[in-house]
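One-letter residues, chain by chain:
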Amino acid sequence: MNKNLINVDYFKRGLKINILQVSSSLIIGFTTSIVYFSNLSGRDFVIYSLIQLTVYFFVNFSSLELNQYIRKFVPIMEKRKSILFLSLILKTVSKFFFFGILIYFFVARYTNLYENFNESKLLIFFSVFLLSLIQLFARMLPEYVSANKKFDLIEKKYLFFLTPYKIVALIIFYFFSSTLITAIVINLFLRILQLVLVLTIFEDLKLLTKTFFSKQEKIEEFNITKNLKFTVKNFLYVNFPLLFFSIIPTYLSGNYNLDDVAVFTLVLTLFNAIKPVLYAISTILNPTIVNLKSIKKIAELKITIKTSINILILLHFTGILIIWLSLNFNGFTDFFLQFFSYNLFSDFINSIMVVSLFFVLTMLQQSYFLASNYETKFFYSSLISTIASILFLIIYIYFDLKINFILGVVVVFYCFKYFFSMIFIRNEAGFPIWSPVAILLFFPVSLLTYTFDSLVIYVFLFISISIISLLLINKNYKNLNLEASS
């Protein structure tokens, strides 16, 4: 196998720097979430989290899934053509963004969407508008840079600049101004800094600016009719879960204790903190999947997918074990979970771990489907998953289930999505079945409680799990190297 084609060095380099960046981000994000949770009122924390979740939805909604177009075509495009292609995409999503934000304004202003936060409607709207506008470009431009195999450069910038900013911002919030407005302003400058860092890496910024403001040229890969079909076929997969995340806090606020809703939004902010590493894996692998599929190197493609998923499952299984171990150690829960319910947090965080695993597995499937021109099949599996998820939501509401079960909606969505996608392509790419099933079988066990007080037992088990996991992950890395050089 051609090592340059697989580009294991790039994969390892990108993933390592991403793990460092996301690990620091996750630690800071967890600390920030706890500090915000404990210093803001339950209502203000829900509003802050609601704004962040709505921004995630609005950015993805406005992008029309054309970021996937970048992943599909840019790795195999000539440079100038790829810049023109990116420019056309940015023009399209910008126009759709301003059209969508106008509709959102009237919905937020004149409906009962935010009836539980009436006096904060305008604050929510303007925050969503400004943050989404910045994040839309901060989302699309890195896709182009990553498609040109410069993902590791972006992550280095994030690690060395965003991390110190987050630490300083947290100190300012905690010691000087613990208000909702301060939290929103801190987040605004974080997104601006992220966009600036991406622009410093973008080598063809002048050409992009010129083409963006000039008369629109035509290229074969960019066609309005085709774009619309592409958007429809990929829309449900990304936007249904994000729509659920952005709307459900408002629904829960009217039916459950506000402090419990705050715990739910806290866990979602932790999920958003880990999302960059999940995006990173599919972003790094996408050029390889596209290239291998385009030259019909199916055996190599299966090896790449299988080995990468083995690493993913090991990472998530390790995460679930460490979370389960920590939440059953009284010394940990007494120190970290003094502000909210242990059982509620335990159920939410373990559910999110399962969601994160199947989220990234389905992202890898999406890369394969796009490279294979299977967008219609991808849509069918998304439709089935959405229907199953809505049925679960109806059951949840009808039987008035505990708030602990609400994340079952997205667990059902991603699990159905993963397994039905394999059925539609008869699993021709070699996506595993039994190892994800094993995670699902272990999931209920991770919700059981076996409390203990011994620090020695906790440290021993923590170190043992970590060492075994690192050895197994390293073994898969070595296998990837061997396959690449063979």
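Located above this text is the structure these notes cover.
Note that the structure is predicted; figures quoted are calculated from it, not measured.

What follows concerns the overall build of the protein. Tallying secondary structure elements over the protein gives 18 helices and zero strands in all. Within the protein, the fraction of its 486 residues that count as buried is 57%. Within the protein, contacts between residues separated by at least 24 positions form 85% of all contacts whose residues are at least 6 apart in sequence.

A few words now on a nonpolar patch on the surface. Together, Leu383, Ile387, Ile390, Leu391, Ile394, Ile395, Tyr398 and Phe399 make up an exposed nonpolar region whose accessible area comes to about 810 Å². Along the chain, isoleucine 395 turns up in helix H15 (residues 375-398).

The next thing to look at is the pattern of salt bridges. Considering all chains together, one arrives at three salt bridges under this definition. Of the charged contacts, one joins arginine 43 and aspartate 44 as a salt bridge, the two residues approaching to 3.5 Å between their closest N and O atoms. Of the charged contacts, one joins glutamate 143 and arginine 139 as a salt bridge, the two residues approaching to 3.9 Å between their closest N and O atoms. Of the two residues, glutamate 143 and arginine 139 are both situated in helix H6 (residues 121-147); the distance of four residues between them amounts to about one turn of the helix. With relative accessibility at 7%, the residue glutamate 143 sits in the buried group.

Moving on: the environment of phenylalanine 230. By the element assignment, phenylalanine 230 lies in helix H10 (residues 224-253). For phenylalanine 230, a relative accessible area of 4% gives the class buried. With 149 residues separating them along the chain, phenylalanine 230 and phenylalanine 379 place their C-alpha atoms 9.6 Å apart. When near neighbours in sequence (up to four residues on either side) are disregarded, phenylalanine 230 contacts Glu65, Gln68, Tyr69, Leu370 and Glu375.

Attention now moves to the packing of helix H3 (residues 42-62) against helix H8 (residues 180-201). Contact pair H3 / H8: the axes reach a minimum separation of 10 Å and the direction vectors enclose 25°. By the angle class used here, H3 and H8 are roughly parallel. For the crossing formed where H3 meets H8, the hand is right-handed. In this structure, H3 contributes Asp44, Ile47, Tyr48, Ile51, Gln52 and Val55 to the contact, and H8 contributes Leu180, Ala183, Ile184, Asn187 and Arg191.

Criteria and cut-off values
- Within each chain, residue numbers correspond to sequence positions counted from 1 in written order.
- Under the rules for a predicted model, residues below a pLDDT of 70 receive no local features and side-chain atom pairs below 80 are neither given nor counted, while totals for whole chains, interfaces and linings still include all residues.
- With hydrogens and water set aside, each side-chain value is computed from the structure's full complement of heavy atoms.
- Secondary structure elements follow DSSP: runs of H or I no shorter than four residues count as helices, runs of E no shorter than two count as strands, and numbering proceeds from the N terminus.
- Each residue is placed in one exposure class: buried if its accessible area under a 1.4 Å probe, protein chains only, is under 20% of its type's maximum, exposed if it is over 50%, and partly exposed if it falls in between.
- What makes two residues a contact is simply this: any of their non-hydrogen atoms within 4.5 Å.
- By definition, no residue in a patch forms a salt bridge, and every one has over 30% relative accessible area; like charges are joined within 9 Å, nonpolar side chains (Val, Leu, Ile, Met, Phe, Trp, Tyr) within 5 Å.
- Here the Shrake-Rupley method, with its probe set to 1.4 Å, supplies the accessible areas, and only the displayed protein chains count as covering residues.
- Between Lys or Arg on one side and Asp or Glu on the other, a salt bridge is scored when a side-chain nitrogen of the former is within 4 Å of a carboxyl oxygen of the latter.
- Working convention: axes come from line fits to C-alpha atoms, limited for helices to the stretch in contact. Angles between N-to-C directions cover 0 to 180 degrees.
- Here roughly perpendicular refers to angles of 65 to 115 degrees, roughly parallel to angles under 35, roughly antiparallel to angles over 145, and oblique to all remaining angles.
- For any pair of crossing helices, the crossing counts as left-handed if the nearer helix is rotated counterclockwise from the farther one by less than a right angle, and right-handed if it is rotated clockwise.

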